[in-house]
Amino acid sequence: MSTKKRNWKPQTALVHGGTLRSGFGETSEAIYLTQGYVYETAQAAEARFKGEEPGFIYSRYANPTVDMFEKRMCALEGAEDARATASGMAAVTAALLCSVKAGDHIVAARALFGSCRWVVETLAPRYGIEATLVDGTDIANWEKAVRPNTKLFFLESPTNPTLEVVDITAVAALANSIGARLVVDNVFATPLQQKPLQLGAHIVVYSATKHIDGQGRCLGGVILSDKEWIDKNLHDYFRHTGPSLSPFNAWTLLKGLETLPLRVRQQTESAGKIADFLAEQPRIARVIYPGRTDHPQADIVRKQMSGGSTLICLDVKGGKQAAFALQNALDIVLISNNLGDAKSLITHPATTTHKNLTDEARAELGIGPGTLRLSVGLEDTDDLLEDIAQALQAAK
Ligand SMILES: *Cc1c(COP(=O)(O)O)cnc(C)c1O
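Because the structure is predicted, anything quoted here is derived from the model rather than measured. (Residues numbered from 1 in each chain as written. Predicted model: local features only at pLDDT ≥ 70, side-chain atom pairs only at ≥ 80, totals over all residues. Heavy atoms only, no water.)

A. Highlighting the state of the cysteines. Enumeration according to the criterion identifies zero disulfides in this entry. Considering cysteine sulfurs only, Cys-116 is the nearest to Cys-98, which forms no disulfide, with 15 Å between them. A relative accessible area of 10% means that Cys-98 is categorised as buried. With relative accessibility at 1%, the residue Cys-116 sits in the buried group. (Disulfide = S-S within 2.5 Å. Buried < 20%, exposed > 50% of the residue type's maximum accessible area, 1.4 Å probe, protein only.)

B. Here's a closer look at the site of the ligand. Taken together, 13 residues are adjacent to the ligand, and Gly-88, Asp-185, Ser-207, Thr-209 and Lys-210 come closest. The backbone of Gly-88 places a nitrogen or oxygen atom 2.8 Å from an oxygen atom of the ligand. At 2.8 Å from an oxygen atom of the ligand is found a main-chain nitrogen or oxygen belonging to Met-89. Bound to the protein, the ligand loses 92% of the 390 Å² it would expose on its own. (Near = heavy atom within 4 Å. Polar contact = N/O pair within 3.5 Å; in protein donor to acceptor, adjacent residues only side chain to side chain. Areas by Shrake-Rupley, 256 points an atom, 1.4 Å probe, with all protein chains shown as cover.)

C. Here's a closer look at the pairing of strand S1 (residues 81-85). For S1, a buried count of five out of five residues is recorded, marking the element as mostly surrounded by other parts of the structure. Burial of the side chains of S1 extends over both faces: Asp-81, Arg-83 and Thr-85 are buried on one face and Ala-82 and Ala-84 on the other. Across five bridges, S1 lies against strand S7 (residues 221-225) in antiparallel orientation. Each bridged residue has a counterpart across the sheet, and for Ala-84 the counterpart in S7 is Val-222. (Helix = DSSP H or I, 4+ residues; strand = E, 2+ residues; numbered from the N terminus. Pairing = 2+ DSSP bridges.)

D. Focus on the nonpolar core. Leu-96, Phe-154, Val-183, Val-205, Ile-223, Trp-229 and Leu-234 are the most contacted members of the largest nonpolar core, which totals 26 residues. Mapped onto this core, the elements with two or more residues apiece are helix H4 (88-97), strand S2 (105-109), helix H5 (114-126), strand S4 (150-156), strand S6 (203-207) and helix H9 (227-241). Of all hydrophobic cores here, the second largest spans 25 residues; its members include Met-68, Ala-82, Cys-218 and Leu-260. (Core = buried A, V, L, I, M, F, W, Y, C linked by side-chain atoms within 4.5 Å.)

E. Layout of the side chain of Gln-193. Mapping Gln-193 onto the fold places it in helix H8 (residues 190-193). Gln-193 gets classed as buried once you look at its relative accessible area, which sits at 8%. For Gln-193, the residues in contact, after removing those within four places along its chain, are Val-264, Thr-268, Gln-304, Met-305, Ser-306, Gly-307, Gly-308 and Ser-309. (Contact = heavy atoms within 4.5 Å.)

F. Looking closely at the domain arrangement of the chain. According to the domain assignment, the chain consists of domain 1 (10-255) and domain 2 (260-394). Using C-alpha coordinates to define each centre, domain 1 is positioned 27 Å away from domain 2. On the domain 2 side, the residues contacting the 37 residues of domain 1 number 38 residues. The three residues of domain 1 that bury the most area against domain 2 are Leu-163, Gln-193 and His-211, which together make up 22% of that side's buried surface. In this structure, the connection of domain 1 to domain 2 is made through two salt bridges. Run the count over domain 1 and domain 2 and you get 19 residue pairs in polar contact (both at pLDDT 80 or more). At the level of elements, helix H1 (10-16), helix H7 (168-177) and H8 are the ones that each hand at least two residues to the side of domain 1 that touches domain 2. Broken down by element, the residue count for the side of domain 1 that touches domain 2 peaks at four residues, all from H8. (Domains from an automatic or database assignment. Buried area = accessible area lost by both parts, 1.4 Å probe. Salt bridge = Lys/Arg side-chain N within 4 Å of Asp/Glu carboxyl O.)

Structure representation (structure tokens):
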């Protein structure tokens, strides 16, 4: 068991961080598929429930395999504590709802993952929690939305699907100035390319379903923050509402973390080349890619991200029909709404992930009928370029 704080670089932490080795000395992390734990004596059970003795009580609260995943994520993120959840949405919902009560106000960037937007815009108000959605790319909009009862800021950067970038440092400073907390959904950046806690954010959430698993196998999520916030706000909420991650999925995600840097590096490198190629194609009206100098917020990208992205947003000339034709003509790239996967995936947000928004709300986010989101996988870059080139030809 290695609970020592070590000065490991990310790649080492992702292979060894948080490991709890059993008496059998297994090399690979063990899967503890158990709901509960037994005690030597009634006195031991009493002591554990009182918190006088360390140890596990019930897997809704904590489990050794899940604990390894949480500790490994803490080591990577530079966070004091974490709670792993059954999905990314369980992480977002818990992080938001555990920190506010009726009468409080949330300010959120309007460019949010569809379900996140529903939680803020539709669910929270049912419980008396007001929310204001703003264009997050201008700090003046955040300032204008602040009210005396604003307790929480929430943003995603880069955003889904148009890869807008929000200045995390500026929003965090504003949150601090009014005693509010900033929650950042860091899925698109991955924990490797952006460190929200170092930029001043208070809480970071992930859908581990995306790059952390990265191989399309299971759902998962995680919430990371300082120990004080977790103890005070999340601890009881988490125990009593039960969004807990299954030990089997925690194990799958632990295995995903071992190869995360290799995958993200390769996928980002490929995505950069594909974005440059797409930008030169006459049938593509616009390419948004955080690694390109023509990205609308290229200065902020340089300031707060260490790489490009594994995702590309593109607009095909000719609207929905042309976008569908391009998707259908692709051979290697599959039509799917997941992202961060080993397989390259393409999706048409207007008719899938963002179909529930009004035309007006979609237009505000820059999602047009010809907009596509491409998640670049681990296939050979030249094969992908060839596939995209042939599809552009075939879809003419
Ligand atoms: C996928 C995703 C979520 C939700 O995660 P699930 O694991 O599908 O519940 C939240 N935020 C962002 C940015 C996502 O991409």
